[in-house]
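# Residue-level structural notes
For reference, the chains in residue letters:
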Amino acid sequence: MEIRLIKCVLYSLNDWTIVIVSFLMIICPLVSSEIDPKSSSQATSSSLHGERKAISINCSKPLMATYFCEPPQIDPETQQPVNCGKNNRAKINCSLYDGFYCDGQKNITSFEREIECLYTNGYHFETALLLSIFLGMFGADRFYLGYPAIGLLKLCTFGCFFILQFIDVILIALQVLKPVDNSNYIMKYYGPRLKILYADNNTFPLSRHEL
């Protein structure tokens, strides 16, 4: 008998708990809207229209995923951007996504960004290497690259008895010997271009498992 009474009491408590919780769920939104109807209406309107405050961006160093850039115009002969300068840098046009603007200029959402490139000045790698192999004893490779004094020396000494010719072939093949204006060789996009890696105090070494 006592066990049945306890069960009846528990069932009645569960029923009352459900009634109270449902009552609070109905009353609480109404009370909050009566307390601050302006804020609730503003939140509703902003959520409906999807408006957000514009964010200022430093256009000289923009963050990732805040802008997009147009692809550079590539010269089909040099395989480099058309406006590549002697400092091996080229400028491309970029624009910010909606909701962003440049610092202090809300009406400006576009800017220029520099990318790396290889400045060329008409010297072909294949031409220089072939001249060094077949006509290097006459200094043709040095004349082609803009070193007339060394070219004349090789011409008069028959390529310094083929020793200097052999050295120049290696230097040109390794792309260590460049044209006199320090420009880069023109070669195909998938050509044998070598890139010398440098390390300084700002170089961060990776461990073996991070490679």
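Residues numbered from 1 in each chain as written. Predicted model: local features only at pLDDT ≥ 70, side-chain atom pairs only at ≥ 80, totals over all residues. Heavy atoms only, no water.

## A few points about the overall build of the chain
The helix and strand inventory of the chain stands at seven helices and seven strands. Along the chain, from the amino end to the carboxyl end, the secondary structure elements read α-α-β-β-β-β-β-β-α-α-α-α-α-β. Summed over its atoms, the accessible surface of the chain is roughly 16,300 Å², and 63% of this surface lies on carbon and sulfur atoms. (Helix = DSSP H or I, 4+ residues; strand = E, 2+ residues; numbered from the N terminus. Areas by Shrake-Rupley, 256 points an atom, 1.4 Å probe, with all protein chains shown as cover.)

## Here's the deal with the nonpolar core
Cys 59, Tyr 67, Cys 94, Leu 96 and Phe 111 are the most contacted members of the largest nonpolar core, which has 14 residues in total. Listing elements by their share of this core, those giving two or more residues are β3 (89-96), β4 (100-102) and β5 (110-116). Broken down by element, this core gets its largest block of residues, four residues, from β3. In this structure, Tyr 123, Ile 172, Leu 177 and Tyr 185 belong to the second largest nonpolar core, which totals nine residues. (Core = buried A, V, L, I, M, F, W, Y, C linked by side-chain atoms within 4.5 Å. Buried < 20%, exposed > 50% of the residue type's maximum accessible area, 1.4 Å probe, protein only.)

## Some details on the packing of helix α3 (residues 125-135) against helix α7 (residues 163-173)
In a pair of packed helices, the angle between the axes and the distance between the axes together describe the arrangement. Viewed as axis vectors pointing N to C, α3 and α7 meet at an angle of 165 degrees, and their least axial separation amounts to 9 Å. Classified by the angle between their axes, α3 and α7 sit roughly antiparallel to one another. Of the two possible hands of crossing, α3 and α7 adopt the one that is left-handed. From α3, Phe 125, Ala 128, Leu 129, Ser 132 and Ile 133 reach across to α7, where they touch Gln 165, Asp 168, Val 169, Ile 172 and Ala 173. Residues that form the contact of α3 with α7 fall into these classes: seven nonpolar, two polar and one charged. (Axes fitted to C-alpha atoms, helices over the stretch in contact; angles between N-to-C directions. Parallel < 35°, antiparallel > 145°, perpendicular 65-115°, else oblique. Left-handed = near helix turned anticlockwise from the far one by under 90°. Contact = heavy atoms within 4.5 Å. Nonpolar A, V, L, I, M, F, W, Y, C, P; charged D, E, K, R; others polar.)

## Section: the pattern of salt bridges
One pass over the full model with this rule turns up six salt bridges. Here Glu 112 makes a salt bridge to Lys 91, at a shortest N to O gap of 4.0 Å. One end of the pair, Glu 112, is in strand β5; the other, Lys 91, is in strand β3, and 21 residues separate them in sequence. The salt bridge involving Lys 154 is made with Asp 168; its shortest N-O contact spans 2.8 Å. Here the residue Lys 154 occupies a position in helix α5 (residues 148-156), and Asp 168 occupies one in helix α7, the gap between them amounting to 14 residues. (Salt bridge = Lys/Arg side-chain N within 4 Å of Asp/Glu carboxyl O.)

## Description of the environment of Leu 164
Mapped onto the fold, Leu 164 is located in helix α7. Note: C-alpha distance between Leu 164 and Met 137 (27 residues apart in sequence) is 8.1 Å. Leu 164 has contacts with Ile 150, Lys 154 and Gly 159, leaving out every residue within four places of it along the chain.

## Side note on the sheet that holds β5
The sheet built from three strands is open, its strands ordered β2-β3-β5 with antiparallel pairing. This sheet does not close on itself; its edge strands, each paired only once, are β2 (67-69) and β5. Adjacent strand axes in the sheet meet at a mean angle of 40 degrees, parallel and antiparallel pairs treated alike. With seven bridges connecting them, β3 and β5 associate as antiparallel partners. Its bridge partner lying in β5, Ala 90 is registered against Ile 115. (Pairing = 2+ DSSP bridges.)

## Structural notes on the confidence of the model for the chain
The pLDDT averaged across the chain works out to 80; a share of 73% of its residues lies at or above 70. Segment residues 1-11: pLDDT under 50, and zero contacts once partners within four positions in sequence are set aside and those in other chains are kept. Contacts for the low-pLDDT stretch residues 30-49, under 50 throughout, to residues beyond four places or in other chains number one contact. (pLDDT = per-residue confidence, 0-100.)

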